[in-house]
Structure formats: structure tokens, C-alpha cells
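Structural overview
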Amino acid sequence: MSPPSLAPARWVLAVLVLCQGISLVPAGGGGSPWTYAGPHGQDHWPDTYPDCGGTAQSPIDIQSSDVEYEPSLPPIQPEGYRSPEDPLFMLSNNGHTVEMSLSETMFLHGLPRRYNAVQLHLHWGSRSRPLGSEHQLDGQKFPAELHIVHFNSERYANVSQAKNKPDGLAVLGILIEAGEIVNEAYENILKYLSKVKFAGEKISIPSFNVLQLLPEKLDQFYRYRGSLTTPPCHQSVLWTVFHQKVQLSKSQLENLQGALHSTGPESSPIPLVENFRTTQTLNQRTVYSSFPVGSTFTYSAGEVVAIVFGILFGFLGLFFAVHVITKSIRASKRTGQKDIVLKSSSALPSEQDSSANI
């Protein structure tokens, strides 16, 4: 059989690659290699990936003063998250992050169209530079951030078709802060990191309740149109960044910051850390919020009802207590008056007898 019709130089290169086992494909998939720092770092992404230099890039620093309250935004309602149909999820180290596949039977209500789940992944810092979230709130960074990626299944057959379309993707952003207690939901992922230590490694893990990875208040979020935060940086993402944070323990964050490598097992080990993109210019975009951002405290509808009933029952209890005390005081006064009358009546005969003796 004759060899493929390649130019001589390309044929020689192909033979060398096959013989020496050299990989020309970056760990994250096809296309040119990229990193977060160095000669292929994010400052140079636009040279190879033009969209990375666009005017609607992500992540952003969400500034309270720039947010527009939009009360008509419905809460996010995940469907199928609690009990995924797939018995197993695929967990992998792609050289840029740890990624977990999701069942397409998982999708979202509360968005303009139906968006089915594809995968989730994390961004984090390092032990020397622990703040590794991509989005910021009023300039504040957080230790890590979870992204859950979905594609527009009403218009496109799969994520490959959707990823470069303006309405193709929807991503949930969950900001992660440090806490005191081990987060058991996230432990479903983190306890397997040692099994995917090197780039290219994969493992099947038991599926679990993905809803527990999200914050409780799914009706409080920021919404804006942006991009993928990694090359090719397609400006195709409808972002939902939740206001409420999720907490991981110190030991869990340290595990995330030290468990993985961005290189394969046969290469010199390079820690997979600080895999976050710097914030991008907002330009003319509007960031919407589903709640009044200026409020010191924000409550869900259920909490408002609970507060109203709590106040109502509090007043009723106070009224009842005052009524009982008042009734008791009045009863005591009546008893005292009767005692006085009785004592006065019993004294009269004695007084009459005394007057007679005089």
C-alpha cells in the first residue's frame, strides 16, 4: 500500500512522531498548545486564537455599581441533577484542569432555551497563591471556581456544533470559599484526584447527586453574555454566576492545589496549579442580577414567608403574654379588694363593742 500523499517534510515528521512517541496534540485536545503563563500563556492567546482578543470575553470582575437588577429573571432549576441516569461519570486530567463528564439527561430550566449538561471542571490557585477563582465580585477573588457546561439542545445536536455559536452554550459558575467542614458532595470528585494525577489519565467514578455541588440559593445570581475562559475563547456563553458561595475545607483546597500535574507520567512533573484566566474588560456589556445587589441581606421567597410568619407569631405570642399578665394583675387586684372589704367588715363589731364599753 502506498503511503498517504503528504509533503516530504510532513511525512518525515510523521514518521519521527510515530517512532519516538512524541505528542503534537496539547493535553486539552486539538489545536495549538496553550498554557496560562509563559510563551504560550494567556497574553499570547489572541495570536493563535483570535476570539481570545474579542470584546465579550470572560471572566469578568462583577462590580455592584455596574449591575442592573432584573426581577423577571427566573431561578435556575436543574432537572436530572439529583439522580443522573448514567451510573458512572468519567473523570479526567486534560492537562489544564480536572474534568468530569455529565449525563445529557441533565438540563436546566430558567434559561431562554433548554440547555443540556456536558461536563464540569474546576479552576484553582496554588498553596503559595491560594486565590484561584476566575470571576471576581467587587474585586474579591476566591480560592476556586466550579464551571458546569451546557449546550443549547433545542438548536444544536451536540456541544461540538454549539460551542462557537452565539447562543450555543450556558455555563453555571459557582464560587468556592474556604470553610471549616469537609464538603461531602465535592469529596465525590476530590477523593479520586490521585487516580488522575497526570495529564491524559482517566477514571470512571460512581455518579452522584450533582445538585449538591450547587449553592442552596439558586434564585440569586448574576447573568451576562461572555465567552469560554480558555482557548479558543468562543464568545458563545450565557453565564450564570451564583451570588452565594460554596465552602470547601482547608484540606480539600490543599488537595486540589497539590494533587495534579499538567504533564504526562513520562515527562518532568509540572504541578497543575493557578489555572485561571485574568479578568477581562466588560466593554459595553450589561451584567444583570436576579436580586437587589445593593441590599445588605437578600432572602429567597421561602425565607421571606418564614420571616413574615415568624414576626406574626411573635406578635401573637407577645399579645397573649401581655393578656395573661394583665388578666393576672386584674385578678390580683380583685382579690386584694375583697380582702380589704372583708377585713373592714370584720372590724366593725369590735369597734362597736369598744364604743359601748366607753
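Quick caveat, the model's predicted, so the values are computed rather than measured.

From N to C terminus, the protein includes six helices and 15 strands. Taken over 358 residues, the protein has a buried fraction of 39%. Taking the contacts inside the protein whose residues are at least 6 apart along the sequence as the reference set, 73% of them involve residues at least 24 apart. For the protein, the accessible surface area stands at approximately 19,900 Å², while carbon and sulfur atoms represent 57% of it.

Here Val182 is to be found in the loop between strand S10 (169–179) and helix H4 (184–190). A C-alpha to C-alpha distance of 8.3 Å links Val182 and Lys250, two positions 68 residues apart in sequence. Beyond its immediate chain neighbours, meaning those up to four positions away, Val182 contacts Glu187, Ser249, Ser251 and Gln252.

Scanning the model with the defined rule gives one disulfide in all. Here Cys52 pairs with Cys233 through a disulfide, and the sulfurs are 2.0 Å apart. Its torsion about the S-S bond being 80 degrees, the disulfide of Cys52 and Cys233 is classed as right-handed. Pair noted here: Cys52 is in the loop between helix H2 (45–48) and strand S1 (61–62) and Cys233 is in the loop between strand S12 (221–226) and strand S13 (237–242), with a separation of 181 residues, a long-range link.

Because an α-helix packs 3.6 residues into every turn, residues spaced three or four apart end up facing the same way. Every buried residue belonging to helix H5 (residues 250–258) is among Gln252, Leu253, Leu256 and Gln257, and all of these are buried. One side of H5 holds all its buried residues, which, seen down the axis, span an arc of 135 degrees. On its buried side, H5 packs onto strand S7 (115–124), strand S9 (144–152), S10, H4 and strand S14 (246–249).

To continue, consider the packing of aromatic side chains. This model, assessed by the stated rule, comprises six aromatic pairs. Here Trp34 and Tyr36 contribute two aromatic rings whose centre-to-centre distance is 5.5 Å and whose plane-to-plane angle is 75 degrees, an arrangement assigned as edge-to-face. Aromatic pair Tyr222 and Phe291: ring centres 5.5 Å apart, planes at 65 degrees, arrangement edge-to-face. Remark: Phe291 occurs in the loop between strand S15 (287–289) and helix H6 (301–357) and Tyr222 occurs in strand S12; sequence separation between them is 69 residues. Neither residue differs from the other here; Tyr222 and Phe291 are each classed as buried. Through a chain of ring-to-ring contacts, three or more aromatic side chains come together here, namely Trp34, Tyr36 and Trp45. Stacked on the ring of Phe107, the Lys or Arg Arg114 has its end atom at 3.6 Å from the ring centre. One cation-aromatic arrangement involves Lys141 over Phe276; the distance from NZ or CZ to the ring centre is 4.3 Å.

Mean pLDDT for the protein: 84, with 74% of residues reaching 70 or above. Per-residue pLDDT stays below 50 along residues 1–30; that stretch engages in 16 contacts with residues further than four places along the chain or on separate chains. Every residue in residues 296–301 is under pLDDT 50, and counting partners more than four places away or in other chains gives 11 contacts.

Once that is clear, we can look at the pattern of salt bridges. Enumeration according to the criterion identifies three salt bridges in this entry. Across the pair Arg155 and Asp167 runs a salt bridge, and its minimum N-O distance is 2.7 Å. A residue pair is termed long-range when its members are at least 10 positions apart, and Arg155 in the loop between S9 and helix H3 (159–162) and Asp167 in the loop between H3 and S10 qualify at 12 residues. Here Arg155 falls in the partly exposed class, since its relative accessible area comes to 48%. Using a relative accessible area of 14% as the deciding quantity, one classes Asp167 as buried.

With that settled, consider the side chain of His234. Along the chain, His234 turns up in the loop between S12 and S13. Here Asp51 takes part through its side chain, which lies 3.1 Å from a polar atom of the side chain of His234. For His234, the contacting residues outside a window of four places in its chain are Asp51, Lys163, Asn164, Gly226, Ser227 and Leu228.

On to the side chain of Ser289. With respect to the element layout, Ser289 can be found in strand S15. What makes Ser289 buried here is its relative accessible area of 1%. Here Phe291 takes part through its backbone oxygen, which lies 2.7 Å from a polar atom of the side chain of Ser289. Discounting residues that sit within four places of it in the chain, Ser289 has contacts with Val67, Glu68, Tyr69, Glu70, Leu73, Phe221 and Tyr222.

Thresholds applied
Residues numbered from 1 in each chain as written. Predicted model: local features only at pLDDT ≥ 70, side-chain atom pairs only at ≥ 80, totals over all residues. Heavy atoms only, no water. Helix = DSSP H or I, 4+ residues; strand = E, 2+ residues; numbered from the N terminus. Buried < 20%, exposed > 50% of the residue type's maximum accessible area, 1.4 Å probe, protein only. Contact = heavy atoms within 4.5 Å. Areas by Shrake-Rupley, 256 points an atom, 1.4 Å probe, with all protein chains shown as cover. Disulfide = S-S within 2.5 Å. Arc of directions from axis to C-beta. Phe/Tyr/Trp six-rings, centres within 6.5 Å; stacked < 30°, edge-to-face > 60°. Lys NZ or Arg CZ within 6 Å of the ring centre and 35° of its normal. pLDDT = per-residue confidence, 0-100. Salt bridge = Lys/Arg side-chain N within 4 Å of Asp/Glu carboxyl O. Polar contact = N/O pair within 3.5 Å; in protein donor to acceptor, adjacent residues only side chain to side chain.

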